[in-house]
Amino acid sequence: MPKTKLLILGYSSFAKRRIIPSLKKHKKFNYCICSKSNKLDSKKKILYNNYQEALKNFRPNIVYISTINPLHYNYTKKILKKGFNVIVDKPIALNFKASKNLLKIAKRKKLLLAEATLFNYHRVFDLIKKECNGFDKIEHIKSDLNHPLILSPKQIEKIKADCEYDMAIYASSIIRLFMKNDIKDLSINRNYFKNTRIVKNFYIKANSKKSTYFGNFAFEREYSQQIIFYTKDKIIYSPQRIFALPYNKNLEIIVKTKNKFKKIKVKKDDCINNFFKLVLKALKNKKYNYFYKTILQDGKNRNIIKNN
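Residues numbered from 1 in each chain as written. Predicted model: local features only at pLDDT ≥ 70, side-chain atom pairs only at ≥ 80, totals over all residues. Heavy atoms only, no water.

Draft legend 1. The arrangement of the nonpolar core in detail. Grouped together as the largest cluster of nonpolar side chains are 58 residues, with contacts concentrated most on I8, I87, L113 and F276. Residue contributions to this core peak at eight residues, all from helix α8 (residues 271–285). Apart from residues lying up to four places away in sequence, F276 is in contact with L6, I19, S22, L23, H26, F29, Y64 and I87. Residues F125, A168, I175 and I236 belong to the second largest nonpolar core, which totals 43 residues. (Core = buried A, V, L, I, M, F, W, Y, C linked by side-chain atoms within 4.5 Å. Buried < 20%, exposed > 50% of the residue type's maximum accessible area, 1.4 Å probe, protein only. Helix = DSSP H or I, 4+ residues; strand = E, 2+ residues; numbered from the N terminus. Contact = heavy atoms within 4.5 Å.)

In structure tokens, the structure reads:
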């Protein structure tokens with residue numbers, strides 16, 4: 001059976017660290033890279049410096065866009081219009097209007113369009129769901145995503161990757177996955193870098209009919225990543241690094257009941273590999289509604305966050 005041809009447009013650190021290692025393990029893909037800023041290198045599979053040449057000569061089944069945020073929309077729009085299926089690093093676009101326009105093009109041309117928000121495809125969430133007796137039994141959710149500042153505020157502004165652009169997708173996804181988008185009210189508190197409108201950190205509070213959510217997202221802090229789920233009689237602690245789980249390590253969740261702690265082992269899993277399996281299934285069946293719906297729901301939630 002012929003392999004699915006995937007063109008990676010851009011050579012981001014995320015592509016290097018996670019996407020390419022996953023593709024190397026996945027025997028159903030034949031991939032190559034197009035990068036304007038890197039020299040051609042057959043060993044690294046950087047075979048093109050021009051995306052139009054890459055589309056013409058490589059003829060990919062899917063294009064994975066992994067460039068800086070401001071370029072996502074224009075590249076996605078152009079490539080969809082040329083008739084290629086597209087996956088885009090989060091955020092798919094810088095505003096909800098642009099996301100809806102991309103969805104409109106994809107639907108009209110009957111193409112796959114997916115936003116690569118990948119953390120929830122890990123098997124750990126099946127175990128958390130089981131411990132909760134279903135996500136509808138969750139009464140409160142708390143999430144932390146903090147990491148030290150890597151870039152200067154000036155660099156962050158240039159690539160549109162401040163804390164809100166970079167992390168609001170995770171808050172949006174939590175609302176979609178565990179609160180079923182049933183939000184009655186939502187509030188945001190933002191802090192900015194001095195003398196700028198660049199978001200350094202933000203806090204989100206949201207209420208639905210059945211549950212509440214508090215999220216803490218920040219740059220310039222000690223690294224931490226975790227989601228804690230509260231039910232009527234349990235507290236379930238996700239593994240650390242929950243938004244970027246390693247693919248090569250066994251993990252554990254911790255469940256607290258009646259002030260006693262139980263550790264549950266989680267076998268190695270690769271959320272990116274699992275995501276690509278869903279992509280291949282969607283391409284085979286030509287059914288893309290799951291990915292369309294995810295983009296729409298997360299886009300709506302991000303828009304609500306942005307405007308609060």
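Draft legend 2. Molecular detail of unusual backbone geometry. Between K90 and P91 the backbone carries a cis peptide bond, its omega angle lying at -5 degrees. By the secondary structure assignment, P91 is in the loop between β5 (85–89) and α4 (96–109). The phi dihedral of K110 falls on the positive side, at around 55 degrees, and the residue is not glycine. Tracing the chain through its elements places K110 in the loop between α4 and β6 (113–116).

Draft legend 3. The packing of α4 against helix α9 (residues 289–306), seen in detail. At a minimum axis separation of 9 Å, α4 and α9 run at an interaxial angle of 165 degrees. Here α4 lies roughly antiparallel to α9, going by the angle between them. Here α4 runs over α9; the crossing is left-handed. Contact with α4, carried on its side by F96, K100, L103, A106 and K107, involves Y292, I295, L296, G299, K300 and N303 of α9 and no other residues of that element. In terms of residue class, the contact of α4 with α9 is built from six nonpolar, two polar and three charged. (Axes fitted to C-alpha atoms, helices over the stretch in contact; angles between N-to-C directions. Parallel < 35°, antiparallel > 145°, perpendicular 65-115°, else oblique. Left-handed = near helix turned anticlockwise from the far one by under 90°. Nonpolar A, V, L, I, M, F, W, Y, C, P; charged D, E, K, R; others polar.)

Draft legend 4. Inspection of the pattern of salt bridges at higher detail. Applying the stated rule across the entire model yields 13 salt bridges. One salt bridge in this structure joins K137 and D136, with 3.9 Å as the shortest N-O distance. Relative accessible area serves as the criterion here: at 43%, K137 is assigned to the partly exposed category. Through salt bridges with shared partners, a single network forms among R18, K25 and D270. (Salt bridge = Lys/Arg side-chain N within 4 Å of Asp/Glu carboxyl O.)

Draft legend 5. A look at the sheet that holds strand β14 (residues 260–266). Read from one edge to the other, the open sheet built from eight strands follows the order β8-β9-β10-β7-β11-β12-β13-β14, with strand pairing classed as mixed. Edge positions in the open sheet fall to β8 (183–192) and β14, since each of these has one partner strand only. Taking each pair of neighbouring strands and ignoring which way they run, the sheet shows an average axis angle of 10 degrees. On the sheet, helix α7 (residues 163–178) packs against β7 (140–147), β8, β9 (199–208), β10 (212–219) and β11 (224–230) and is oriented at approximately 160 degrees with respect to β10. (Pairing = 2+ DSSP bridges.)

Draft legend 6. Region of interest: the pairing of strand β2 (residues 29–34). With five of its six residues buried, β2 lies for the most part within the structure. Alignment of strand β1 (residues 4–9) against β2, held across six bridges, turns out to be parallel. Paired with L9 across the bridge in β2 is C34. Note on the crossover from β1 through helix α1 (residues 13–25) to β2: the handedness is right-handed. Bridging between β2 and strand β3 (residues 46–48) involves two bridges; their strand directions are parallel. When the bridges of β3 are listed, I33 appears paired with I46. (Right-handed = clockwise from strand over helix to strand, strands pointing away.)

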